[in-house]
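# Residue-level structural notes
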Amino acid sequence: MVDSSLITVTNVVKRYRSETVLKGIDLNIGAGECVVLVGHNGAGKTTLMKLILGLIKPTEGAISVLGFDPSKDRARLLRKGLGYLPERVAFYESMTGLEVLRFYARLKSEPIAGCDEILESVGLFDAKERPVQTYSKGMKQRLGLAQALLGDPQFLLLDEPTSGLDPVVRRQVYDLINRKCAEGKTAIISSHSLNEVESQADHVVIMNEGEVIVSGSMESLYEQSGLPTIITLSVQEENKDRVLEQINGLTSSISVKDSKIEISCSQKDKMTVLQAVMSLDNGVDDIQISAPKLDDIYLHFIPNKVVASEREEETRA
Ligand code: ADP
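Residues numbered from 1 in each chain as written. Predicted model: local features only at pLDDT ≥ 70, side-chain atom pairs only at ≥ 80, totals over all residues. Heavy atoms only, no water.

Taken together, Tyr 16, Glu 19, Val 21, His 40, Asn 41, Gly 42, Ala 43, Gly 44, Lys 45, Thr 46 and Thr 47 are the residues near the ligand. One of the side-chain nitrogen or oxygen atoms of Glu 19 is found 3.3 Å away from an oxygen atom of the ligand. Within the backbone of Gly 42, one N or O atom sits 2.7 Å away from an oxygen atom of the ligand. Elements with a contribution of two residues or more to the shell around the ligand: strand E2 (19–29) and helix H1 (45–53). In terms of residue count, H1 provides more of the shell around the ligand than any other element does, three residues in total. Split into classes, the residues belonging to the shell around the ligand amount to three nonpolar, six polar and two charged. (Near = heavy atom within 4 Å. Polar contact = N/O pair within 3.5 Å; in protein donor to acceptor, adjacent residues only side chain to side chain. Helix = DSSP H or I, 4+ residues; strand = E, 2+ residues; numbered from the N terminus. Nonpolar A, V, L, I, M, F, W, Y, C, P; charged D, E, K, R; others polar.)

Before going further, it helps to examine the packing of helix H8 (residues 218–225) against helix H11 (residues 294–301). Two quantities define a packed helix pair, namely the angle between the axes and the distance from one axis to the other. Interhelical geometry of H8 versus H11 gives an angle of 45 degrees and a closest axis separation of 10 Å. In terms of axis orientation, H8 runs oblique to H11. Note that H8 runs across H11; the crossing there is left-handed. Contacts between H8 and H11 pair Met 218, Leu 221, Tyr 222, Gln 224 and Ser 225 from the former with Leu 294, Ile 297, His 300 and Phe 301 from the latter. Partitioning the contact of H8 with H11 into residue classes produces six nonpolar, three polar and no charged. (Axes fitted to C-alpha atoms, helices over the stretch in contact; angles between N-to-C directions. Parallel < 35°, antiparallel > 145°, perpendicular 65-115°, else oblique. Left-handed = near helix turned anticlockwise from the far one by under 90°. Contact = heavy atoms within 4.5 Å.)

Let us now look at the pattern of salt bridges. The tally for this structure, following the rule as stated, stands at 13 salt bridges. Across the pair Arg 88 and Glu 87 runs a salt bridge, and its minimum N-O distance is 3.9 Å. Residue class for Arg 88 comes out exposed when judged on its relative accessible area of 52%. Here Glu 93 makes a salt bridge to Lys 140, at a shortest N to O gap of 3.3 Å. In this pair, Glu 93 is assigned in the loop between strand E5 (82–85) and helix H3 (97–107) and Lys 140 in helix H5 (residues 137–149), connecting sequence segments 47 residues apart. The class of Lys 140 is partly exposed, set by a relative accessible area of 22%. (Salt bridge = Lys/Arg side-chain N within 4 Å of Asp/Glu carboxyl O. Buried < 20%, exposed > 50% of the residue type's maximum accessible area, 1.4 Å probe, protein only.)

Before going further, it helps to spend a moment on the packing of aromatic side chains. Any two aromatic rings considered together are summarised by their centre-to-centre distance and by the angle between their planes. Under the criterion given, the structure shown has three aromatic pairs. Measuring from centroid to centroid gives 5.9 Å for Tyr 92 and Phe 103, while their planes differ by 80 degrees, and the two rings are edge-to-face. Pair noted here: Tyr 92 is in the loop between E5 and H3 and Phe 103 is in helix H3, with a separation of 11 residues, a long-range link. In this structure Tyr 92 comes out as exposed when scored by relative accessible area, which is 53%. The partly exposed category is assigned to Phe 103, whose relative accessible area is 30%. Seen in terms of ring centroids, Phe 103 and Tyr 104 are 5.5 Å apart; in terms of plane orientation they differ by 80 degrees. Their pairing is edge-to-face. Tyr 104 sits in the partly exposed class, given a relative accessible area of 24%. Aromatic ring contacts, followed pair by pair, group Phe 91, Tyr 92, Phe 103 and Tyr 104 into a single cluster. Between the NZ or CZ atom of Lys 14 and the centre of the ring of Tyr 16, over which it lies, the distance is 5.2 Å. (Phe/Tyr/Trp six-rings, centres within 6.5 Å; stacked < 30°, edge-to-face > 60°. Lys NZ or Arg CZ within 6 Å of the ring centre and 35° of its normal.)

Ranked by internal contacts, the top residues of the largest apolar core, which has 48 residues, are Val 38, Leu 143, Leu 145, Leu 158, Ile 177, Val 204 and Ile 206. Each residue touching Leu 143, except ones within four places of it in the same chain, is listed here: Phe 91, Gly 97, Val 100, Leu 119, Leu 124, Val 132 and Tyr 135. Ranked by size, the runner-up nonpolar core spans 27 residues in total, among them Val 9, Ala 43, Ile 52 and Leu 157. (Core = buried A, V, L, I, M, F, W, Y, C linked by side-chain atoms within 4.5 Å.)

Strand order in the open sheet made by the six strands is E5-E6-E7-E3-E8-E9, with mixed pairing throughout. Both edges of this open sheet fall to E5 and strand E9 (211–216), since each of them pairs with a single strand only. The average undirected angle you get between the axes of adjacent strands in this sheet is 15 degrees. As judged from the four bridges shared by E5 and strand E6 (residues 155–159), these two strands associate in the parallel manner. (Pairing = 2+ DSSP bridges.)

Moving on to the domain arrangement of the chain. Looking at the assigned domains, one finds that the chain contains domain 1 (5–223) and domain 2 (228–291). Between domain 1 and domain 2, the C-alpha centre-to-centre distance is 43 Å. (Domains from an automatic or database assignment.)

This brings us to the environment of Ile 230. Assignment of secondary structure puts Ile 230 in strand E10 (residues 229–235). As a C-alpha pair, Ile 230 and Ser 217 span 13 residues in sequence and 20 Å in three-dimensional space.

The subject of this paragraph is the confidence of the model for the chain. Counting all residues, the mean pLDDT for the chain is 87, and 91% of those residues have values of 70 or more. Within the model, pLDDT remains below 50 along residues 308–317, and this stretch shows 22 contacts once partners closer than five positions in the same chain are excluded. (pLDDT = per-residue confidence, 0-100.)

This is the structure:
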């Protein structure tokens, strides 16, 4: 992993006529990070990606990618190191998958010899001679990903890469992104599907109405949210009082329901509570620990917005 200032976004404002769609974004992205941009529709995720790609210019502020301004002189050179998957991909339907990829390879001045290997990596090798019009939505999306992978770019910008895909293909796409990040590539992914990107992210950026509301690792977002971890103990009736006595005073929020004791505690107190529970001999039959998920954290920071469910997303697609 290299150091922290691979992509720097400094006080970036983007205005379209009277509408301000990004309102002073500051962001630092390090090399090798898998960054996930989350936010409802219209939050500004795509606009931010386009600015990083140099496709549009900021109205105010500055963007630096590897020390260069992506919208200026070195942009063409720089873009060779960027792979971009737009939210909606469209290809010439009568061309085969291989022809499409070779076409993009020529546009990017990349050798066409590598196309087979890329198609293999996205699971399209067997379908490479078929026209795109016979491809499913998932296959087209994977062809889009293949196009983004041409030239083995250092950064991948993937706008809703799994939108409209079935769960198996979604997993395959994320496995591929994981492999790229493990090789030291930097990935910036935007997504509505909080649950599926949660395990993926080194760095989560929650956006709302053109602003970064909070940004950092899942752990740091969790800490900043102050949301509790819930520890649920399964205990037999005869042990209940003994267990309650042991944990009493460790945390203020304990509730009892039938054979379950539910303890709500901060991240900081979690280990103290668990140690107290573990020191009991035969008092507890089972323990479940439930930390806040990304959707809990999202709703904490943006309480009045509901992120599109996967079902809605599939309908849109
Ligand atoms: P997201 O990717 O989070 O859904 P976008 O970045 O696509 O959000 O859009 C953010 C806001 O910017 C939206 O209100 C959208 O309508 C507006 N917007 C995006 N592109 C343009 C444009 N070319 N002209 C005017 N408004 C735009």
